[in-house]
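Structural characterization, general
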Amino acid sequence: MGPVYPGVMRVIVVGGGAAGMVAAWRAASKGHRVTLLEANGRLGVKLRISGGGKCNVTHAGPLKEVLACFSPEQARFLRPAMHRFGNDEVVEWLRREGVETYIRDNGRVFPLDRPGSAAAVVAAFESVMARAGVEVRTGARVTGLEGRSPKLTGLRLGEERLVADLFILATGGASFPETGTRGEMLAWLRELGLPMRPWFPALAPIPLARPRPAWEGVAWRDGELQLLAGRGGKRLARFKGDLVFTKVGISGPAALELSQAAESARMSGLAHLVYAHDLRPFEAVEAEALADARAQPHLSVVRWIQRWIPERCAETLAREAGLGEGHRLKDLPKEARRALVTALVASDLGAPSAVPLTKGEVAAGGLKLEAVDPHTMAVGGFENLRVCGELLDVDGPVGGYNLQAAFSTGFVAGDL
Ligand SMILES: Cc1cc2nc3c(=O)[nH]c(=O)nc-3n(C[C@H](O)[C@H](O)[C@H](O)COP(=O)(O)OP(=O)(O)OC[C@H]3O[C@@H](n4cnc5c(N)ncnc54)[C@H](O)[C@@H]3O)c2cc1C
């Protein structure tokens, strides 16, 4: 258990994003004097752009299933906080504040579709914080921490120095720095002797060593992106889902989900990406090719692979397999047919280039979980320091999991 705090405290929360706003509201509603410091000119800037401006606030379903989408260590850490303020509580809380939500087929929970629905979520926070008496200071970028274990003695805000009984740090990660998250807190916490995992890209588009700018905007659907330990190597990771070509590489759900693993593999020198348009074994797809060639003698190769691959790519891929527009499926020699089937079960995307930290929906890394009490978010070795949100070494997949983690950890951090 973390330290026990007596009486009404003066609390400073740093960072007015998802986690910081919940922490500030919760602490103030328990009667503490709370100031929320936010570097930007307004609160919740990242929340406002989340889910493409629609804000996928959480994920529906039993908490066990929500937790299972995090790594086992992160799930163990998040369990107590999610049981206090989980997906049902978030939805119910929003409803009480006038923000109705709905669940999409894939379990993602969004506010009802209205223009600016993400802004409505931020407005709900602003309203509860105002009612609870939180003092909000925007345009207030903290520039340093003072003190050392066992006590933080103050915060620097340029020339100004602020003191409090308790400090809650909720400064987020290091992606999308234009939203205010520059990641500087990581170095400051390390200077305090705390164990930090360096920021690492996650849920980001993957640039390719050999991009396909001509295919920009084209989507490959209903297949599986696979990460291999080098060309033809062991499969390291896989994700079923769509991808979209960009000028420099690939984006879309499958690319985002594999980006962290792709960057790790790239750094170790062995990374190769393929997309399985057809998830059946090679032999089954080849048997279909032979059957179709017999049944439709005039069927061209390019037409045939368009069943799986968009027109804009089909010709190029056929050409790369050594085949032209005029080739008919039935005339293919064995080697050419096998090259074609390979393009369907493992379309070669080549090696990834460095995945940019700044483009991720989250940044992996942050304060290592072993240093934090999962029931209170109190930082070990300090009697007046708590940390919540993405600044913790927590990163979930796309689907509302990251905001849920921020809300849950923010709630217990502010539950004083
Ligand atoms: C484009 C995009 C879309 C996303 N969509 C979704 C989604 O739909 N669903 C989902 O679950 N997750 C989504 N995420 C992830 C989610 O937004 C984050 O995981 C979540 O906002 C983290 O909450 P947080 O409070 O920890 O950090 P943030 O929301 O990033 O808030 C941190 C705040 O701290 C402030 N700050 C930083 N440093 C200082 C300082 N030194 N002094 C004062 N203030 C400081 C920042 O300005 C910022 O406002 C998305 C992320 C991005 C980038």
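Numbering of residues starts from 1 in every chain and runs along the sequence as written. The model is predicted, so local features are restricted to residues of pLDDT at least 70 and side-chain atom pairs to those at 80 or more, both for listing and for counting; the totals for chains, interfaces and linings are taken over all residues. Hydrogens and waters are ignored; side-chain quantities use all the structure's heavy atoms.

1. Observations regarding the site of the ligand
In the vicinity of the ligand, 36 residues are found, and the nearest of them are Ala 19, Glu 38, Val 142, Glu 390 and Leu 403. Polar contact is defined as a pair of N or O atoms within 3.5 Å, subject to the rule that within protein one atom must be able to donate a hydrogen and the other to accept it, and that residues adjacent in sequence are counted only when both atoms are side-chain atoms. A distance of 3.1 Å is found between an oxygen atom of the ligand and a side-chain nitrogen or oxygen belonging to Asn 40. Here an oxygen atom of the ligand and a backbone polar atom of Asn 402 are 3.4 Å apart. Look at the ligand: alone it shows 1,000 Å² of surface, and the protein chains cover 96% of it. Numbered from the N terminus, helices here are DSSP runs of H or I no shorter than four residues, and strands are runs of E no shorter than two. Top element by residues in the shell around the ligand is helix 13 (residues 401–414). It accounts for four residues. We call a residue near a molecule or strand whenever a single non-hydrogen atom of that residue lies within 4 Å of it. Computed with the Shrake-Rupley method and a 1.4 Å probe, the accessible areas treat only the protein chains shown as cover for residues.

2. Some points on the domain arrangement of the protein chain
For the purposes of this description, domain bounds are those given by an automatic or database domain assignment. By domain assignment, the protein chain separates into domain 1 (10–200 + 360–414), domain 2 (206–273 + 353–357) and domain 3 (282–349). Distance from the C-alpha centre of domain 2 to the C-alpha centre of domain 3: 23 Å. The contact criterion used is simple: two residues touch if any of their non-hydrogen atoms lie within 4.5 Å. Listed per partner, the contact involves 16 residues of domain 2 and 10 residues of domain 3. Buried surface at the junction of domain 2 and domain 3, summed over both partners, amounts to about 1,100 Å²; 53% is from carbon and sulfur atoms. We define a salt bridge as a contact between a side-chain nitrogen of Lys or Arg and a carboxyl oxygen of Asp or Glu at a distance within 4 Å. A salt bridge links Arg 212 to Glu 320, with the nearest nitrogen and oxygen atoms 2.8 Å apart. For the pair domain 2 and domain 3, the number of links is seven residue pairs in polar contact (both at pLDDT 80 or more). Secondary-structure elements contributing two or more residues to the side of domain 2 that touches domain 3 are strand 13 (219–220), strand 16 (243–245) and strand 18 (272–276). Per-class residue counts for the side of domain 2 that touches domain 3 are 11 nonpolar, one polar and four charged. Summed over both partners, buried area is the accessible surface (1.4 Å probe) that two parts give up on being assembled. All residues other than Ala, Val, Leu, Ile, Met, Phe, Trp, Tyr, Cys, Pro, Asp, Glu, Lys and Arg, Gly among them, are scored as polar; the first ten of these are nonpolar and the last four charged.

3. Considerations on the pattern of salt bridges
Enumeration over the complete set of coordinates arrives at 26 salt bridges. Arg 141 is paired through a salt bridge with Glu 184; the nearest N and O atoms lie 2.5 Å apart. Here Arg 141 is found in the loop between strand 6 (135–137) and strand 7 (144–148), whereas its partner Glu 184 is found in the loop between strand 10 (166–169) and helix 7 (185–191), with 43 residues between them in sequence. Residue classification places Arg 141 among the partly exposed residues on the basis of a relative accessible area of 21%. Accessibility here uses a 1.4 Å probe with only protein chains present; expressed as a share of the type maximum, an area under 20% marks a residue as buried, one over 50% as exposed, and anything in between as partly exposed. With a relative accessible area of 25%, Glu 184 lands in the partly exposed category. Among the salt bridges present, the one from Lys 330 reaches Asp 331, with a minimum N-O distance of 3.1 Å. On the basis of relative accessibility, which here comes to 41%, the residue Lys 330 falls in the partly exposed class.

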